[in-house]
Amino acid sequence: MSQTPNPTDRIDPTDVNEAPVSPEEAQAAEAANAADVTSALVNEIAALKAHNTDLADQFLRAKAEAENARRRAEEEVSKARKFAVESFADSLLAVADSLEAGLSIQEATREQLREGSEATLKQLKSALERHKVLEINPAAGARFDPHQHQAISMVPADQEANTVVTVLQKGYLIADRILRPALVTVSAPK
C-alpha cells in the first residue's frame with residue numbers, strides 16, 4: 001500500500017531530486033561537458049589517423065607485392081620462352097651429331113648410308129614428338145579436312161568425293177596448332 005504524503009510533514013532537503021543550480025555551476029558543468037566531448041573527438045581523430053596510416057601501409061605493401069608478382073611472372077615467361085627453345089635445340093643436337101658421323105665415313109656402302117639415314121630420321125621424329133610436333137599424314141580414303149590438309153589438285157578416283165587420294169607432303173601439328181598443313185590430292189566428284 002502506498003502512503004499519501006501529509007502536507008504537514010516536513011520536506012527533507014536531501015529528498016529533493018534536483019537542487020537549483022547557479023549560473024556559474026551551469027557554466028562549469030557545460031565547460032566540463034564540452035571538454036569531455038572535445039577529448040572524445042580528439043581520441044577518435046587520433047584513432048582514425050592511426051587506422052588511416054595502417055591502411056595506407058597495407059595498401060603500399062599490397063601494391064609492392066602485386067608489382068613483385070607481375071615482375072616475377074614476366075621473368076618466368078621470358079625464361080620459359082628462352083629455355084623452351086633451348087630444350088628443343090638440345091634434342092636436335094643428337095640428330096646433327098648422327099648426320100655428321102654419317103658424312104664423316106668415306107667408304108660407306110649404300111646399305112650403311114640407308115641404315116644411318118633411317119636411324120637419324122628416327123632420332124629426328126623422336127625429338128619432334130618429345131616437343132609435341134606431330135605428323136599429319138592422312139591415309140588414302142580419309143575425309144579431306146581443310147583445317148589440316150591443303151588440296152593441291154582434284155583427281156578422278158574410284159573412291160568417295162572429297163577424300164584424300166595421295167599425300168604429297170606431310171603436315172605437322174605443334175600442340176594442337178597447325179604448323180604446316182599436309183599437301184594432298186583429293187578425289188573429284190563423279
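Look up a bit, the structure's there.
The sections below set out a description of the structure shown in this document. (Residues numbered from 1 in each chain as written. Predicted model: local features only at pLDDT ≥ 70, side-chain atom pairs only at ≥ 80, totals over all residues. Heavy atoms only, no water.)

Section: the overall build of the protein
(1) Moving on: For the protein, the count of helices and strands is two helices and six strands.
(2) Moving on: Mapped from its N terminus to its C terminus, the protein presents α and β elements in the order α-α-β-β-β-β-β-β.
(3) Moving on: Compactness check: the protein gives a C-alpha radius of gyration of 46 Å against a globular reference of 16 Å for 190 residues, more than 25% above the reference.
(4) Moving on: Projected onto the principal axes, the alpha-carbon positions of the protein cover approximately 145 × 55 × 35 Å.
(5) Moving on: Counting contacts in the protein only where the partners sit at least 6 residues apart, residues at least 24 apart contribute 61% of the total.
(6) Moving on: By element, 56% of the accessible surface of the protein is carried by carbon and sulfur atoms, the whole surface being about 15700 Å².
(7) Moving on: Treating the 21 positive side-chain charges of the protein as one cloud and the 30 negative ones as another, the clouds have centres 17 Å apart. (Helix = DSSP H or I, 4+ residues; strand = E, 2+ residues; numbered from the N terminus. Rg over C-alpha atoms; globule rule 2.2 N^0.38 Å. Contact = heavy atoms within 4.5 Å. Areas by Shrake-Rupley, 256 points an atom, 1.4 Å probe, with all protein chains shown as cover. Lys, Arg positive; Asp, Glu negative; His and termini not counted. Charge placed at Lys NZ, Arg CZ, Asp CG, Glu CD.)

Considerations on unusual backbone geometry
(1) Moving on: Backbone geometry places Asn162, a non-glycine residue, at a positive phi of 60°.
(2) Moving on: Tracing the sequence through the fold places Asn162 in the loop between strand 2 (149–155) and strand 3 (164–169).
(3) Moving on: One non-glycine residue, Ala175, lies in positive phi territory at about 50°.
(4) Moving on: Mapped onto the elements, Ala175 comes out in the loop between strand 4 (171–174) and strand 5 (177–180).
(5) Moving on: A relative accessible area of 54% means that Ala175 is categorised as exposed. (Buried < 20%, exposed > 50% of the residue type's maximum accessible area, 1.4 Å probe, protein only.)

Overview of the sheet that holds strand 2
(1) Moving on: What the three strands build is an open sheet, ordered 2-6-3; its pairing is mixed. Since the sheet does not close on itself, it has two edges, and those belong to strand 2 and strand 3, each with one partner. This sheet shows a mean twist of 30° between the axes of neighbouring strands, independent of strand direction.
(2) Moving on: With four bridges joining them, strand 3 and strand 6 (residues 182–187) adopt antiparallel strand pairing. The partner of Thr166 across the bridge, within strand 6, is Thr185. (Pairing = 2+ DSSP bridges. Axes fitted to C-alpha atoms, helices over the stretch in contact; angles between N-to-C directions.)

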